[in-house]
Amino acid sequence: MKVIASLIFPLILVLLCEVNGQRRKPPRKRVTPPPVEPVEPTDLPPPLPPGPPSIFPDCPRECFCPPDFPSALYCDSRNLRKVPIIPYRIHYLYLQNNFIEELPEESFKNATELRWINLDNNRIKKVDKRVLDKLETLVFLYMEKNHLKEIPSNLPPNLEQLRLSRNRISKIASGAFNKLEHLILLDLHNNELNDAVFNKNTFKGLKNLMQLNLARNILRKMPPGIPTAVHQLFLDKNNITDIPNDYFKDFPNLAFLRLNYNGLTDKGLPKNSFNITNLLVLHLAHNKLSNIPYISSKLEHLYLNDNSIETINGTEICPTSLFTFQEPSSDLDNVPHLRYLRLDGNHLKPPIPLDLMMCFRLLQSVIF
């Protein structure tokens, strides 16, 4: 019996050990937490290394001062975070394509002779008015593709071109343009301007403005107070549905008008909306028009593609009565000047109406 017990006891111990081993859980592996994603997509690239010494001792090492153009300073596309100290002799300053967020007064304390500044494609949110106060000779200011939320105040009085497109501008302070009587071009396209921003005094002071670009904003109405001296007006890609009666009657110089990609309908257009004496080019593509609007005899280019036009009555839309030039005549002054007409993307079917061709005898190209 003792022999049997001595044989069975070790066997029981072996079985117990195996059972305990099966019940014992394997050791847990330590889980490594995933790396925390940075707030910014990536770190900014490092600034470019300083260039070789310049022949001009005051030339910032991070920029380039061309020996044959001593009044220019090229600091563009160098991954800069800050504006260097600008020498007094500089008239033309190129700072585009960097990562600049502000314009310190210290950087411009000597730059009182600047005429041209290009700050496109940076990260500027606001401009210190003390900086602009000193730039009395500035003529061209380019600040496209930045983070501005409003028009900078205290703009230099001698500005001729102000380009502020592709920002986040949703505010224009009262009197922002009061002192800019020399401004010729104002570009505000692709911002966040709505109807509430504009009133009859918004553009007060812009006596000589020739080009105004308000395309790609969120306008539902034609803005009031547009300077009457304007030659070119861009309002593409807004949400404009109608044009007030006699809106353009006080624009004697308007020659180029773009209203593509809006919501214009026949109901929203008074009959003589575009019967403007000096209008040469009219863009009305990608709207909701069912008929060709009445136009001036001086108009040369008309874009009506991608509307809802189904029929054309050449006699009705002709600016001049067809009977006035039925006989051959060498006098072309009375003949409508339309040379280019685009009508594709509508619901029209060929052929082109004969009375249309009889009216617009100078047509060189019709896209039907």
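Up top is the structure.
The structure contained in this document is the topic of the report that follows. (Residues numbered from 1 in each chain as written. Predicted model: local features only at pLDDT ≥ 70, side-chain atom pairs only at ≥ 80, totals over all residues. Heavy atoms only, no water.)

A word on the environment of Asp344. The topology assignment puts Asp344 in the loop between strand S12 (340–342) and helix H4 (354–359). Separated by 38 residues in the primary sequence, Asp344 and Asp306 place their C-alpha atoms 6.4 Å from one another. Once residues within four sequence positions are removed from consideration, Asp344 is found in contact with Asn305, Asp306, Ile367 and Phe368. Side-chain polar atoms of Asp344 contact the side chain of Arg342, separated by 2.8 Å. (Helix = DSSP H or I, 4+ residues; strand = E, 2+ residues; numbered from the N terminus. Contact = heavy atoms within 4.5 Å. Polar contact = N/O pair within 3.5 Å; in protein donor to acceptor, adjacent residues only side chain to side chain.)

This part covers the state of the cysteines. What we call a disulfide is simply a covalent bond connecting the sulfur atoms of a pair of cysteines. Summed over all chains, the structure comprises three disulfides. In this model, Cys59 is linked to Cys65 through a disulfide, with the two sulfur atoms separated by 2.1 Å. Measuring the twist about the S-S bond at about 100 degrees, one finds the Cys59-Cys65 disulfide to be right-handed. Using a relative accessible area of 10% as the deciding quantity, one classes Cys59 as buried. Assessed through its relative accessible area of 4%, Cys65 is described here as buried. What pairs with Cys318 in a disulfide is Cys359, and their sulfur atoms sit 2.0 Å apart. On the sign convention where negative is left-handed, the bridge of Cys318 and Cys359, at about 90 degrees about the S-S bond, is right-handed. On the criterion of sequence distance, the pair formed by Cys318 in the loop between helix H3 (314–317) and S12 and Cys359 in helix H4 is long-range, its members being 41 residues apart. The two residues Cys318 and Cys359 agree in class, both being buried. (Disulfide = S-S within 2.5 Å. Buried < 20%, exposed > 50% of the residue type's maximum accessible area, 1.4 Å probe, protein only.)

Here is a general trend for soluble globular proteins: nonpolar side chains tend to be buried in one another's company. In this structure, Phe108, Phe177, Leu186, Leu214, Phe248 and Leu259 are the most contacted members of the largest nonpolar core, which totals 88 residues. Of all the secondary-structure elements, those providing two or more residues to this core are helix H2 (129–133) and H4. If near-sequence neighbours (up to four positions away) are discounted, Phe177 is found in contact with Ile151, Leu162, Ile172, Leu186, Thr202, Phe203, Lys204, Gly205 and Leu206. Membership of the second largest hydrophobic core comes to five residues, among which are Phe234, Phe256, Val281 and Tyr303. (Core = buried A, V, L, I, M, F, W, Y, C linked by side-chain atoms within 4.5 Å.)

What follows deals with the environment of Asp266. With respect to the secondary-structure elements, Asp266 resides in the loop between strand S9 (256–258) and strand S10 (281–283). Here Asp266 falls in the partly exposed class, since its relative accessible area comes to 28%. Spatially, the C-alpha atoms of Asp266 and Asp242 are 8.6 Å apart, while their sequence positions differ by 24 residues. When neighbours within four sequence positions are excluded, Asp266 is seen to be in contact with Leu289, Ser290 and Asn291.

Here we take up the pattern of salt bridges. With the rule as written, the count across this model stands at eight salt bridges. The partner of Lys109 in a salt bridge is Glu106, and the shortest N-O contact between them spans 2.7 Å. On the basis of relative accessibility, which here comes to 45%, the residue Glu106 falls in the partly exposed class. In this structure, a network of salt bridges that share partners links the residues Glu105, Asp128, Arg130 and Lys134. (Salt bridge = Lys/Arg side-chain N within 4 Å of Asp/Glu carboxyl O.)

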